[in-house]
Amino acid sequence: MKEARIGLYVCWCGSNIAKMVDVETIAKELHEIPEVIVARDYKYMCSDPGQDLIIKDIKENNLDRIVVAACSPRIHEATFRKAIEKAGLNPYMFQMANIREQDAWVHNNRDEATQKAKALIKAALKRIKFHEALNKRTVEINPSTLVIGGGVAGLTAALKIADANQKVYLVECEDHLGGTLLQVKNTFPALQDVQEFISEKRSKVLNHTNIEVFTNTNLEEIYGYVGNFGTKLQFNNKTVELEFGNIIIATGLQPFNHIRIPEYDYGELPNVITALEFEQVLLSGKIEKKDGSKPNDVAIIHCVGSLSKDYLPYCSRTCCSTALKYANIIRSSLPEANIYELYTDMRCYGKGCEELYSYTSTRDIMFLMFDMEDGLPKILPADSEMTGEMQIKMLEKLSGEELIVPADMVILMTGMQSRDNAREVAHMAGISMCGNEFFIEKHPKLDPVATTTDGVYIVGACQGPKSIDESVSQAKAAVARILGSICKGVTEVEVTTATVNEDICCGCKTCVQVCPYSAIDFNEEKNVSGVNEVLCKGCGTCSSACATGAIQARHFTDSQILSQIEGVLESENEVL
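Fair warning: this is a prediction, and the values are worked out from it, not measured in the lab.

The rules behind the values
Just so you know, the residues in each chain are numbered from 1, in the order the chain's sequence is written. Since the coordinates come from a predicted model, pLDDT governs what is reported: local features require at least 70, and pairs of side-chain atoms require 80 or more to be given and counted, while whole-chain, interface and lining totals use all residues. By convention in this description, side-chain values take in all heavy atoms of the structure and omit both hydrogens and water. Cysteine sulfur atoms are paired as a disulfide whenever they come within 2.5 Å of each other. Patch building starts from residues that exceed 30% relative accessible area and form no salt bridge, then joins like charges within 9 Å and nonpolar side chains (Val, Leu, Ile, Met, Phe, Trp, Tyr) within 5 Å. For the area figures, the Shrake-Rupley method with a 1.4 Å probe applies, and any residue is considered shielded solely by the protein chains shown. For salt bridges, the criterion is a side-chain nitrogen of Lys or Arg within 4 Å of an Asp or Glu carboxyl oxygen. The way it works is that DSSP assigns letters per residue, a run of H or I at least four long becomes a helix, a run of E at least two long becomes a strand, and they are numbered from the N terminus. DSSP bridges decide pairing: two strands pair if at least two such bridges lie between them. A fitted line through C-alpha atoms serves as each axis, taken over the contacting stretch for helices, and the angle formed by two N-to-C directions is quoted from 0 to 180°. Residues are treated as being in contact if the distance between any of their heavy atoms lies within 4.5 Å. Side-chain atoms within 4.5 Å are what join buried Ala, Val, Leu, Ile, Met, Phe, Trp, Tyr and Cys residues into a set we call a nonpolar core. Burial here depends on accessible area, computed with a 1.4 Å probe over protein chains only, as a share of the maximum for the residue type. Under 20% is buried, over 50% is exposed, and the range in between is partly exposed. Multiply 1.5 Å by the residue count of a helix minus one, and that product is the helix's expected span. The reported arc concerns the directions from the helix axis to the C-beta atoms and nothing else. Seen with the strands pointing away from the viewer, any crossover whose path from the first strand over the helix to the second strand runs clockwise is right-handed. Only the six-membered ring of Trp is used, alongside the rings of Phe and Tyr, when aromatic pairs are assigned; centres must lie within 6.5 Å, and planes under 30 degrees apart are stacked while those over 60 apart are edge-to-face, with the rest tilted. Cation placement over rings: the criterion is NZ of Lys or CZ of Arg within 6 Å of the ring centroid and within 35° of the ring normal. Each cavity reported here is a set of points on a 1 Å grid over the protein atoms alone in which a 1.4 Å probe fits but cannot get out, each pocket an open set with protein on both sides within 12 Å along at least five of seven lines, and each lining residue one with an atom within 4 Å of a point. Grid points are joined across faces, edges and corners, and a volume is the space filled by probe spheres set on the points. Any residue outside Ala, Val, Leu, Ile, Met, Phe, Trp, Tyr, Cys, Pro, Asp, Glu, Lys and Arg is labelled polar, Gly included; the first ten of those are nonpolar and the last four are charged.

A. Representation of the state of the cysteines within the structure. Taken as a whole and judged by the stated rule, the model has zero disulfides. Of all cysteine sulfurs in the structure, the one in Cys462 sits closest to Cys173, which takes part in no disulfide; the separation is 13 Å. Take Cys539: it sits in no disulfide, and the sulfur closest to it among the cysteines is that of Cys515, at 6.1 Å.

Put into structure tokens, the structure is as follows:
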């Protein structure tokens, strides 16, 4: 093996690492290792000056391998790979040691943290000597795009791609386009007309020459890989096959089943209605009860299902601002009505929403707080002494008093959850889901609309509850990524993929069964497995399961992993 010429760079990360790790001492000590030609510490290695420092050193010192000790590779590995590529090195002649999340942030003893950081860096220095140059691989892109879901995010994405003169297939399981917004009257915080907005988008999509719409359609399967996907649809009682290069999933969400909460007596009391049912009241143009009379006492109950350990443990995000929207509309339409907001935690995020909250509090609207740990507000028929049709019994948290709130209309702000078929869609598209059954993005900050499956993007509320503006912004972000790849005509695919040594493959098919990306096929004639390197993501599942060691993952070979372990074990540190 040719003797390595390694450059070592230890990042301060401001005070994130340097506060707990003696980065200067580490750089000086590890510079004494013969293969380490250059060793430096710097406050922000990921910054432009930090990257320029690495590039300069590579050129001046003829370095052929680079180790950066900093934060998680998930955050900045791509940053440093691009930097060393600018200097003429293969991007895979790079290794990152995580001394922030795996060290500085989880220790409170500076000496122990410094020793652990040294051990982690030694492991990286051992490993990088076994790195091999990997060449980039590209595939051609079919310029057509599949958009799944005809809500505001799906419509926006379809229009943006079609306006760029590219073909779009828009698939919707319902018999109409528009999604949940078809049931909504106004936006928040500006109270603009939603119907005009969504009707215009629907009309443009239905009349666009570059968009082929499939309503009342079910997906049977999705196959292929980035640039060369295909699907089978059930449309008009026949199977239709389509081919495309990228997929945008915009399947949205659905309301929580509020009937599960017995305290609210939905269905037994006629004027207990959900938020979407109240939207229909607003669309009718008159705020009236079921008997046609005007309500005198209106109660709006927040977090119906949300923030509950028994139902939905997360915040549905848009409910509070929507409730404030209702309070303002009711106050303007019924100036004499008594309006009550029963909330557990007011969360008015987004531009203009906190201002909406402040404005609403000046309009003679009573805000009453309850704690779910003390029990939910309970809706009951009114006593004979009550003026309204119903009474809501609650323990008001701020005053500590038991209150009875009169009401002749109650609006339930039901939480939002993923669609019933979300897991089925995730399986077909090869993407992951979180514990709350929403689709997971590749990275919440650095790649918020992509997924771990190249060419598959998630936009809108299928990723989690969000506002119209957020859904539209995400759709535009995904479109920008897709149009960029279409313009290039090709896209790079993963190179750290698995390979099969056919000489020692025993034909057990274990790898075929465990591969989460369906990237491995079995050759019956040769009695060996084979890897589709475009579908493979280099996750290593097959390699770890292979009884004979016939499968190795590029860039994670046995020699690389074992050398890394050896580097860690050389340390006398006991806090690893």
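B. Broad picture of a nonpolar patch on the surface. Judged by side-chain polarity, Phe556, Ile561, Leu562, Ile565 and Leu569 come together as a nonpolar surface patch covering roughly 490 Å² of accessible area. Mapped onto the secondary structure, Phe556 falls in the loop between strand 28 (551-553) and helix 14 (558-569).

C. Representation of the sheet that holds strand 3 (residues 65-70) in the model. Spatial strand order, 2-1-3-4: four strands in an open sheet with parallel pairing. With partners counted over all chains shown, the strands left at the sheet margins are strand 2 (36-42) and strand 4 (94-98), one partner each. Put simply, the sheet's adjacent strands are angled 15° from each other on average, direction ignored. Pairing of strand 1 (residues 6-11) with strand 2, which is carried by six bridges, proceeds in the parallel orientation. For Gly7, the partnering residue across the bridge sits in strand 2 and is Val38. Packing of helix 2 (residues 48-61) onto the sheet brings it into contact with strand 1, strand 2 and strand 3, and relative to strand 2 it is tilted by some 165°.

D. Region of the structure containing the nonpolar core. In this structure, Ile247, Ile248, Ile249 and Phe439 are the most contacted members of the largest nonpolar core, which totals 61 residues. It is helix 5 (residues 152-163) that provides the largest number of residues to this core, a total of eight residues. Excluding residues within four positions of it along the chain, Phe439 makes contact with Ile249, Thr251, Ala422, Val425, Ala426, Ile431, Ser432, Met433, Ile458, Cys462 and Gln463. Val21, Met45, Ile58 and Val68 belong to the second largest nonpolar core, which has 46 residues in total.

E. View of helix 11 (residues 468-488). Taking 1.5 Å per residue as the helical rise, helix 11 with its 21 residues ought to reach 30 Å, and the 31 Å between its terminal C-alpha atoms agrees with that figure. The set of residues buried in helix 11 consists of Ser471, Val472, Gln474, Ala475, Ala478, Val479, Ile482, Ser485 and Ile486. Projected down its long axis, helix 11 shows its buried positions confined to an angular sector of 160°, all on one face. In helix 11, the exposed positions that point more than 90 degrees away from the buried face belong to Asp469, Ala480, Cys487 and Lys488. Contact partners of the buried residues in helix 11: strand 6 (145-148), helix 5, strand 12 (246-249), strand 23 (456-458) and strand 24 (490-493). Just past helix 11, the residue Gly489 takes up positive phi, approximately 85°.

F. A look at the pairing of strand 11 (residues 238-244). When strand 10 (residues 228-235) meets strand 11, the two strands line up antiparallel, connected through seven bridges. When the sheet's bridge partners are listed, Thr231 is paired in strand 11 with Leu242. Counted between consecutive antiparallel strands, the loop separating strand 10 from strand 11 contains two residues, among which Asn236 sits at a positive phi close to 55°.

G. Highlighting the environment of Leu307. Position of Leu307 relative to the elements: it lies in the loop between strand 15 (297-304) and helix 8 (319-333). For the pair Leu307 and Tyr326, spaced 19 residues apart in the sequence, the C-alpha separation amounts to 21 Å.

H. Looking closely at helix 7 (residues 275-284). Those residues of helix 7 that fall on the buried side of the exposure criterion are Ala275, Phe278, Glu279, Val281 and Leu282. In an axial view of helix 7, the angular spread of the buried residues amounts to 155°, which keeps them on one side of the axis. Buried residues along helix 7 sit in contact with strand 14 (272-274), helix 8 and strand 21 (409-414). Looking one or two places after helix 7, you find Gly285, whose phi comes out positive at around 95°.

I. Seen up close, the pattern of salt bridges. Scanning all chains against the criterion turns up 27 salt bridges. When the shortest N-O distance is used, the salt bridge between Glu101 and Arg100 registers 2.8 Å. Here Glu101 falls in the partly exposed class, since its relative accessible area comes to 24%. The residue Lys204 makes a salt bridge to Glu200 at a minimum N-O spacing of 3.4 Å. A residue pair is termed a helical-turn pair when its members lie 3 or 4 positions apart in one helix, as Lys204 and Glu200 do in helix 6 (residues 194-206) at four residues. Residues joined in a network through salt bridges with shared partners are Glu85, Lys136 and Glu492.

J. The pairing of strand 17 (residues 366-369), seen in detail. Across four bridges, strand 16 (residues 338-343) lies against strand 17 in parallel orientation. The residue bridging Tyr343 from the neighbouring strand is Met369, located in strand 17. Regarding topology, helix 9 (residues 353-360) serves as the crossover connection from strand 16 to the parallel strand 17, and that connection is right-handed.

K. Summary view of the packing of aromatic side chains. With the rule as written, the count across this model stands at eight aromatic pairs. Considering the side-chain rings of Tyr314 and Phe438, the 5.5 Å spacing of their centres and the 75° angle between planes classify their relative orientation as edge-to-face. Linking Tyr314 in the loop between strand 15 and helix 8 with Phe438 in the loop between helix 10 (422-429) and strand 23, this pair joins segments that are 124 residues apart in sequence. Within the aromatic cluster, the residues linked to one another by ring pairs are Tyr343, Tyr357 and Phe367. A cation over an aromatic ring shows up here: Lys43 above the ring of Trp12, its NZ or CZ 5.7 Å from the ring centre. A cation over an aromatic ring shows up here: Arg317 above the ring of Tyr349, its NZ or CZ 4.2 Å from the ring centre.

L. Structural detail: the sheet that holds strand 16. The parallel open sheet is built from five strands, whose spatial order is 14-21-15-16-17. The sheet terminates laterally at strand 14 and strand 17, the two strands that pair on one side only. Across the sheet, the mean angle from the axis of one strand to that of its neighbour is 20°, orientation sign disregarded. In this fold helix 7 packs onto strand 14 and strand 21, with an angle of close to 95° to the strand it touches most, strand 14.

M. Quick peek at unusual backbone geometry. In this structure, the amide linkage connecting Phe188 to the following residue, Pro189, adopts the cis form with an omega of 0°. Positive phi is not limited to glycine here, since Asp265 has a value of about 50°. Of note, Asp265 is situated in the loop between strand 13 (253-255) and strand 14.

N. Geometry of empty space enclosed by the protein. The full count for this structure, using the stated rule, is four cavities of 30 Å³ or more. Of the pockets and cavities examined, the largest cavity occupies roughly 90 Å³. Considering the residues around the largest cavity, the lining is formed by 14 residues, among which Cys505, Cys508, Cys511, Ser529 and Cys546 are closest to the centre. Among the residues making up the lining of the largest cavity, the classes are represented as nine nonpolar, four polar and one charged. In this structure, the second largest cavity spans a volume of roughly 70 Å³. Every residue lining the second largest cavity is counted, 14 residues in all, and those nearest its centre are Cys515, Cys536, Lys537, Cys539 and Cys542. Within the lining of the second largest cavity, the residues separate by chemical class into 10 nonpolar, three polar and one charged.

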